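So you can see what is in the structure, the chains are spelled out below.
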Amino acid sequence: MKPEMRIGYGWDSHEFKPAIPLRIGGITLPHTHGLGGHSDGDVLLHAITDALLGAIAGPDIGSLFPPSDPQWKNADSAIFLQEALTRVKAAGYAIVNLDSTLILLTPKIGPHASAIRQRVAELCQIPEDCVGIKAKTPEGVPTENAALANVVVLLKRI
Ligand SMILES: [Zn+2]
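Every chain's residues receive numbers from 1 upward, in the order its sequence appears when written. Local features in a predicted model are, by the rule used here, given only for residues with pLDDT of at least 70; side-chain atom pairs are given and counted only at 80 or more, and totals for whole chains, interfaces and linings are based on all residues. Hydrogen atoms and water are omitted, and side-chain values are computed over all heavy atoms in the structure.

S.K.: Could you give an account of the overall build of the chain, with specific residues and numbers?
M.R.: Secondary structure follows DSSP: runs of H or I at least 4 residues long count as helices, runs of E at least 2 residues long count as strands, and numbering of each begins at the N terminus. Of regular secondary structure, the chain possesses 4 helices and 7 strands. In terms of C-alpha radius of gyration, the chain reaches 15 Å, essentially the compact-globule figure of 15 Å for 158 residues. Referenced to the eigenvectors of the C-alpha coordinate spread, the extents of the chain come out at roughly 50 × 35 × 30 Å. Here the term buried applies to any residue with accessible area under 20% of the maximum for its type, exposed to any over 50%, and partly exposed to those in between, with areas from a 1.4 Å probe on protein chains only. Here the chain, with 158 residues, has 47% of them falling under the buried criterion. Per element, the accessible surface of the chain, about 7800 Å² overall, is 57% carbon and sulfur. Charged side chains of the chain number 14 positive and 16 negative; the gap between the two group centres comes to 5 Å. Restricting the calculation to C-alpha atoms gives the radius of gyration, and the globule rule supplies 2.2 Å times the number of residues raised to the power 0.38. Surface accessibility in these figures is a Shrake-Rupley result with a 1.4 Å probe; residues are shielded only by whichever protein chains are displayed. The convention is simple: Lys and Arg are positive, Asp and Glu are negative, and His and the chain ends are not counted. Charge positions come from single atoms, namely NZ of Lys, CZ of Arg, CG of Asp or CD of Glu.

Written out as structure tokens, the structure is:
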């Protein structure tokens, strides 16, 4: 018998690069720098994807979508999230809720938190009040030129 509930955890980081779009949580934020990476560098969607895959003990995002594969260059990270959701459903589970913490110096996430929450809820097909979006600045941690994301997700058996 499969467990009734499963927890998943995901972590990701990307480096800021000048003059590329900043994508966080499936939306574009106005900023001088974006997050580098082979896809669109969406640190939050990557951490959510890994949390979902981890919850079902699946392969991680890098195994499914290798950065060395040219087809993922500048890819919309929502594609990765959709694949994880398909695998969660196939495993017989649905998302209960997810919670996240972003760690970055700039830009301030507060003014964009509700738009990010709305988009993540839409992508995950869960209510907005089941998506936690929190942000912190890297106090005492030398990660000023990076954005980090931590995500936990809870699944229930369907
Ligand atoms: Zn990533």
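Additional details are given in the paragraphs that follow.
S.K.: Talk me through the environment of G92; I want residue IDs and the actual numbers.
M.R.: For G92, the location among the structural elements is in the loop between α3 (78-90) and β5 (93-103). A relative accessible area of 11% places G92 in the buried class. Sequence-wise, G92 and R157 are 65 residues apart; in three dimensions their C-alpha atoms are separated by 5.9 Å. Here G92 is in contact with K2, K156, R157 and I158, once residues within four sequence places are set aside. Contacts between residues were defined by any pair of non-hydrogen atoms, one from each residue, lying within 4.5 Å.

S.K.: Tell me about the coordination of the zinc ion, and name the residues and values.
M.R.: We call an atom a donor if it is N, O or S and sits within 2.8 Å of the metal, or 3.2 Å for Na, K and Ca. Water is not counted, so some sites may look partial. Of the protein atoms, only D12 (OD), H14 (NE2) and H46 (ND1) coordinate the zinc ion, at distances of 2.0 Å. In terms of primary sequence, the donors binding the zinc ion are separated according to D-x1-H-x31-H. Highlighted residues: D12 in strand β1 (residues 5-18) and H46 in helix α1 (residues 43-55), separated in sequence by 34 residues. H46 matches D12 in its accessibility class, with the two residues each being buried.

S.K.: So what about a nonpolar patch on the surface? Which residues, and what values?
M.R.: Nonpolar side chains collect at one region of the surface, where I7, Y9, W11 and V152 lie side by side and expose about 430 Å² of accessible area between them. Ranked by residue count, the leading element in the nonpolar patch is β1, at 3 residues. Exposure above 30% relative accessible area and the absence of a salt bridge qualify a residue for a patch, where like charges join within 9 Å and nonpolar side chains (Val, Leu, Ile, Met, Phe, Trp, Tyr) within 5 Å. We define a salt bridge as a contact between a side-chain nitrogen of Lys or Arg and a carboxyl oxygen of Asp or Glu at a distance within 4 Å.

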